[in-house]
Amino acid sequence: MDAADFARVCGYTGDSPALLEAFETIRRNGIAQARHDHFRRKAVIDKLKQSEPLFLAAIGPALSADEAIEDTTRFIACWRNMPRWRQQRRLPDLVRVRFEIHG
C-alpha cells in the first residue's frame, strides 16, 4: 500500500504532496510501533512460559489457564473498544490494580 492508498483509506481525498508524505510517515511509524509493541508483549509471554509461579500469579483468580485466557480476551476486547480518552482516564486504575496484584 503506498501513501496515496493509505491516505484514501484514512478518508483523505486530496492530493497535497505534503499531506501524502505525512500519511506515509504515519503509516511507517505505525507499523514500526506495532512491531515494537508486539515484541514487547511476546517477551512478557515468553517470561511467563518459563516460570510456573509467575504464570499462576498472572492468571490470578482463574481456575485454569483456559479461563484466564477467556478473561483476558474479554478485557482486551473491552479495552480496545473504549474511547482513547477513557483509556487514558482509566490507566491509573490499571496501574494501581497491577501494583496490588504483583506487589
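The structure under discussion appears in the preceding block.
Now for a quick tour of the structure. (Residues numbered from 1 in each chain as written. Predicted model: local features only at pLDDT ≥ 70, side-chain atom pairs only at ≥ 80, totals over all residues. Heavy atoms only, no water.)

**Here we look at the packing of aromatic side chains**
No. 1: Under the counting rule described, the total for this entry stands at 2 aromatic pairs.
No. 2: Aromatic side chains Phe6 and Phe23 sit 6.2 Å apart centroid to centroid with 70° between the ring planes, which places their arrangement in the edge-to-face category. Of this pair, Phe6 sits in helix α1 (residues 3-9) while Phe23 sits in helix α2 (residues 17-50), and the two are 17 residues apart along the sequence. In this pair, the class of Phe6 matches that of Phe23, namely buried.
No. 3: Measuring from centroid to centroid gives 5.6 Å for Tyr12 and Phe23, while their planes differ by 35°, and the two rings are tilted. With Tyr12 in the loop between α1 and α2 and Phe23 in helix α2, this residue pair connects regions lying 11 residues apart in the sequence.
No. 4: Following the ring pairs from residue to residue traces out a cluster consisting of Phe6, Tyr12 and Phe23. (Phe/Tyr/Trp six-rings, centres within 6.5 Å; stacked < 30°, edge-to-face > 60°. Helix = DSSP H or I, 4+ residues; strand = E, 2+ residues; numbered from the N terminus. Buried < 20%, exposed > 50% of the residue type's maximum accessible area, 1.4 Å probe, protein only.)

**Quick notes on the pattern of salt bridges**
No. 1: The final tally for this structure, using the stated rule, is 4 salt bridges.
No. 2: Among the ionic pairs, Arg27 bridges to Glu24, the shortest N-O distance being 2.7 Å. You can see Arg27 and its partner Glu24 sitting in helix α2, 3 residues apart, about one turn around the helix. Each member of the pair, Arg27 as well as Glu24, carries the same accessibility label: buried.
No. 3: When salt bridges that share partners are traced, they join Glu24, Arg27 and Arg28 into one network. (Salt bridge = Lys/Arg side-chain N within 4 Å of Asp/Glu carboxyl O.)

Any link to function would need more than the numbers given here.
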